[in-house]
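# Examining the three-dimensional arrangement
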Amino acid sequence: IYKKNANTMKYAKIESISIIWGARKESIESITDKVVTSLEHLSMRFPDIFFKFYCLGNNLQSSLKQEVFINKECITNILKEKLDKEDEAFGTRIGLWNGKKEYEEQASCSAKLGSYSQYLFNNFVLDLPKNTSYTLEEIKDTIFLLNKLFIGEEIKINGETQVSF
């Protein structure tokens, strides 16, 4: 349950949300479902920001050639490609970007998923554009959804751990 506290005021502008959890082995199918659900939510909740997704690449031009479609087949292929082939315990990863050329409009989401080594953690990180000014109140539905979806153990807002969720 969300509780207001003194820390709420210092987050007048949300720039990043991180959902973090420990070692948890998951199948590619399970991970795919969670990633697809989160991307569908982001594209519906923030249509001006996440109209399209692209794989993060080495540069703008190569990234813009790698449009990602929000469906199970496309996401499964990315997750399988990024699966650690040398040690399955390291899980898989995905990094997506909204394709905006102007720095102030750029947004991304990335995740490290399915890691089950005791030395690793899993996460889903959402970085919002610099030119937006969402408050905690305006974005808490997204935080709740992501935390419930990925069964997070820790939530960070703008890099700081939250204890009020």
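Here, the structure is the one placed above.
Keep in mind the model is a prediction, meaning the values are calculated, not measured.

All right, on to the sheet that holds strand 4 (residues 92-97) then. Within a sheet, adjacent strands bond to each other through the backbone by hydrogen bonds, running parallel or antiparallel. With respect to topology, eight strands assemble into an open sheet ordered 3-2-4-5-6-1-7-8, the strand pairing being antiparallel. The open sheet has two free edges, formed respectively by strand 3 (67-68) and strand 8 (160-161), since each of these has just one partner strand. Note: strand 2 (residues 53-55) against strand 4, two bridges, orientation antiparallel. Each bridged residue has a counterpart across the sheet, and for Tyr 54 the counterpart in strand 4 is Trp 97. Contacts from helix 3 (residues 72-81) reach strand 2, strand 3, strand 4 and strand 5 (108-113) within the one sheet, and its direction differs from that of strand 4 by about 125°. Sheet contacts for helix 4 (residues 136-150): strand 1 (16-21), strand 5, strand 6 (122-127) and strand 7 (154-157); angle to strand 1, the most-contacted strand, approximately 25°.

Turning to the environment of Val 36, a few remarks are in order. Here Val 36 shows up in helix 1 (residues 28-45). Along the primary structure Val 36 and Trp 21 are separated by 15 residues, whereas in three dimensions their C-alpha atoms are 19 Å apart. Aside from chain neighbours lying at most four places away, what touches Val 36 is Ile 70, Asn 71, Lys 72 and Ile 75.

Using the criterion set out here, one finds five salt bridges in the structure. A salt bridge links Lys 34 to Glu 26, with the nearest nitrogen and oxygen atoms 2.6 Å apart. Residue class for Glu 26 comes out buried when judged on its relative accessible area of 16%. In this structure, the salt-bridge partner of Glu 137 is Lys 140, at a minimum N-O distance of 3.0 Å. Separated by three residues within a single helix, Glu 137 and Lys 140 lie in helix 4, roughly one turn from each other. Classification of Glu 137 as partly exposed rests on a relative accessible area of 43%.

Parameters and conventions
- Residues numbered from 1 in each chain as written.
- Predicted model: local features only at pLDDT ≥ 70, side-chain atom pairs only at ≥ 80, totals over all residues.
- Heavy atoms only, no water.
- Pairing = 2+ DSSP bridges.
- Helix = DSSP H or I, 4+ residues; strand = E, 2+ residues; numbered from the N terminus.
- Contact = heavy atoms within 4.5 Å.
- Axes fitted to C-alpha atoms, helices over the stretch in contact; angles between N-to-C directions.
- Salt bridge = Lys/Arg side-chain N within 4 Å of Asp/Glu carboxyl O.
- Buried < 20%, exposed > 50% of the residue type's maximum accessible area, 1.4 Å probe, protein only.

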